[in-house]
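Analysis of the macromolecular model
Here is how the chains run, residue by residue.
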Amino acid sequence: MKRLPLSRLSRLHRCVSESELLELCDDYDRDRNEFFFDRHSEAFSFIMLYVQHGKLRFVPHMCELSFYNEMLYWGLESADLQPCCQRRLDDRLSDCFVHFFPEEEPRCPEEPQSPWMERMRRTFEEPASSRVAQILAFVSVLFVVISMVMLCASTLPEWMTAETTDQHRIIEAVCIGWFTAECIVRFLVSRDKCEFVCRPLNVIDLLAIMPYYISVTVTTLTGENSQLQRAGVTLRILRIMRIFWVIKLARHFLGLQTLGLTLRRCYREMMMLLVFIFVAMAIFSALAQLLEHGLDLESGNQDYASIPAASWWVIISMTTVGYGDMYPVTVAGRVLGGLCVVSGIVLLALPITFIYHSFIQCYHELRVRSARGMPSLSAEFIQ
């Protein structure tokens, strides 16, 4: 039992009570010491053949997605399949835009909340749970939009008069008051306070609110015209951090949720994309510096005087932006520039295909969850 690659059966060996056993199986007969799993019996026989002989293939005349669901239940991954079956599964997943989640470890039972606390939590955390929750979500989005508009308007020269500054402060104080009250209420009604504090969106809320109170405290302690206020660099940095408020819209818009979930799942592809760009940038920038400046130090192209300077040209060429602020003038440099542009298109297109498919899967999954009445923001994205 310890050597079995099936995690569900291996966990049975570590159980010390009948309640723990029933968390892993559907029924248990103490007299005969037998376990019952309400799963597909034929699929399990193929999985046991994999345990005995080391080769896992699909059950004939059985849906690939159903068999993959059985694999995840018993603790196997798609990598355990034979290559031919693995390609079939990948094609089927791409066609159906389905994403499966492995079974999570059973969590400790949470303390039951009172009905009104649970109702309050759902109202603030799940915008689609009731009409009141929808109204609160609309008000929250409205305050975010107002705060963003005022932040942008405060940087306009014609809006920097004393009268408009006072108006900005009043509106800013009202918005901050709403965000602070919302954050405090959500913290008080949350089930797990530690988990609430560790959520990325809640950390962003805190980072967006704290600069206001820090700037007000500094202004109160040092005075409006003090040397620190005239320097103002620190306070301006703190005020511009209010731009993080726009991320609060992810609680209410499916598109931003899909983007965050896609980045979470595709971090390996994102790292691969960055490695591709870095390697190509190192190669082409060194060659560009040599061809444009290194062969003729006196009359060479001064825009390519160093490899870091040439790296800027490489990155804007590989992404096909081409600002035109620097460009090669020699024949060899122009040929290298053409190769740089073509290689950039190819290198960027390779991992983006995987990211695109993952984005489609995440969007479809979140739409299905929302249509079934589940929270619009998936638990994986919140975590």
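No experiment lies behind these values; they were computed from the predicted model shown.

Looking at the overall build of the protein chain
- When helices and strands are tallied, the protein chain shows 17 helices and two strands.
- For the protein chain, the residues scored as buried account for 35% of the 383 residues in total.
- Considering only residue pairs separated by 6 or more positions, the protein chain has 63% of its internal contacts joining residues 24 or more positions apart.
- If you sum the accessible surface of the protein chain, you get close to 23,500 Å²; carbon and sulfur atoms cover 64% of it.

As for a nonpolar patch on the surface
- A contiguous nonpolar patch, built from V203, L207, I243, F244, V246 and I247 and spanning about 420 Å² of accessible area, is present on the exposed surface.
- Along the chain, the position of L207 falls in helix α10 (residues 200–222).
- Judged by relative accessible area, L207 falls into the partly exposed class, the value being 41%.

Looking at the side chain of E182
- Note on placement: E182 falls in helix α8 (residues 162–189).
- For E182, a relative accessible area of 11% corresponds to the buried category.
- Dropping the residues within four chain positions of it, E182 is found in contact with F124, S140 and K248.

Concerning the packing of aromatic side chains
- Taken as a whole and judged by the stated rule, the model has ten aromatic pairs.
- Judged by centre distance (5.1 Å) and plane angle (85°), the ring pair of Y73 and W74 falls under edge-to-face. For the pair Y73 and W74, one class covers both residues: buried.
- The structure contains a cluster of three or more aromatic residues connected by ring pairs, namely F37, F44, Y73 and W74.
- A cation sits over an aromatic face here: R39 above Y73, 3.9 Å from the ring centre.
- K193 extends its terminal NZ or CZ atom over the ring of F187, reaching a point 6.0 Å from the ring centre.

A look at the confidence of the model for the protein chain
- Taken residue by residue, the protein chain gives an average pLDDT of 78. The fraction at 70 or more is 85%.
- Between the elements of the protein chain, mean pLDDT differs from a low of 44, seen in helix α17 (residues 379–382), to a high of 90, seen in helix α15 (residues 307–318).
- Contacts for the low-pLDDT stretch residues 97–109, under 50 throughout, to residues beyond four places or in other chains number 25 contacts.

Examining the packing of helix α6 (residues 115–125) against helix α7 (residues 131–153)
- Between α6 and α7, the least distance of the axes is 8 Å, while the angle of their chain directions is 45°. Between α6 and α7, the interaxial angle falls into the category oblique. Of the two possible hands of crossing, α6 and α7 adopt the one that is right-handed. Across the interface between the two elements, R122, T123 and F124 from α6 touch V132, A133 and L136 from α7.
- A class-by-class count of the residues in the contact of α6 with α7 yields four nonpolar, one polar and one charged.

Concerning the packing of α8 against α10
- Between α8 and α10, whose axes approach to 10 Å, the crossing angle comes to 140°. Our classification of the angle between α8 and α10 gives oblique. Considering the relative orientation of α8 and α10, their crossing is left-handed. Where α8 approaches α10, its residues E172, A173, I176, F179, T180, C183 and R186 are matched on the opposing element by N202, D205, A208, I209, Y212 and Y213.
- Split into classes, the residues belonging to the contact of α8 with α10 amount to eight nonpolar, two polar and three charged.

Focus on empty space enclosed by the protein
- With the rule as written, the count across this model stands at three cavities of 30 Å³ or more.
- Approximately 60 Å³ is the volume attributed to the second largest cavity.
- In this structure, the second largest cavity is lined by T123, F124, P127, A133, L136, A137, S140, E182 and H252.
- Counting residues per element, the ones that place at least two in the lining of the second largest cavity are α6 and α7.

Points about the nonpolar core
- Ranked by size, the top nonpolar core spans 27 residues in total, and within it F37, L56, F67, M71, L81 and L89 carry the most contacts.
- Breaking this core down by element, the ones donating at least two residues are α1 (7–12), α2 (18–24), α3 (41–53), α4 (64–74) and α5 (83–96).
- Among the elements that take part in this core, α4 stands out by supplying seven residues, more than any other.
- Dropping the residues within four chain positions of it, M71 is found in contact with I47, L56, L76, E77, S78 and L81.
- With 14 residues, the next largest nonpolar core counts M148, I176, F179 and A208 among its residues.

Concerning the environment of R121
- Its place among the elements puts R121 in helix α6.
- Its relative accessible area of 12% is what places R121 among the buried residues.
- R121 sits 64 residues away from V185 along the chain, and the two C-alpha atoms are 8.7 Å apart.

Brief notes about the pattern of salt bridges
- With the rule as written, the count across this model stands at seven salt bridges.
- For E18, the salt bridge is made with R30, and the minimal N-O distance between the two is 2.2 Å. Pair noted here: E18 is in helix α2 and R30 is in the loop between β1 (27–29) and β2 (34–36), with a separation of twelve residues, a long-range link.
- Taking relative accessible area as the criterion, R30 reaches 56% and is therefore assigned exposed.
- What you see here is one network of salt bridges that share partners, running through D29, R32 and E34.

What counts as what
Residues numbered from 1 in each chain as written. Predicted model: local features only at pLDDT ≥ 70, side-chain atom pairs only at ≥ 80, totals over all residues. Heavy atoms only, no water. Helix = DSSP H or I, 4+ residues; strand = E, 2+ residues; numbered from the N terminus. Buried < 20%, exposed > 50% of the residue type's maximum accessible area, 1.4 Å probe, protein only. Contact = heavy atoms within 4.5 Å. Areas by Shrake-Rupley, 256 points an atom, 1.4 Å probe, with all protein chains shown as cover. Patch = residues over 30% accessible without salt bridge, like charges linked within 9 Å, V, L, I, M, F, W, Y side chains within 5 Å. Salt bridge = Lys/Arg side-chain N within 4 Å of Asp/Glu carboxyl O. Phe/Tyr/Trp six-rings, centres within 6.5 Å; stacked < 30°, edge-to-face > 60°. Lys NZ or Arg CZ within 6 Å of the ring centre and 35° of its normal. pLDDT = per-residue confidence, 0-100. Axes fitted to C-alpha atoms, helices over the stretch in contact; angles between N-to-C directions. Parallel < 35°, antiparallel > 145°, perpendicular 65-115°, else oblique. Left-handed = near helix turned anticlockwise from the far one by under 90°. Nonpolar A, V, L, I, M, F, W, Y, C, P; charged D, E, K, R; others polar. 1 Å grid on protein atoms, 1.4 Å probe; cavity = no way out; pocket = protein on both sides within 12 Å on 5 of 7 lines; lining within 4 Å. Points joined across faces, edges and corners; volume = space filled by probe spheres on them. Core = buried A, V, L, I, M, F, W, Y, C linked by side-chain atoms within 4.5 Å.

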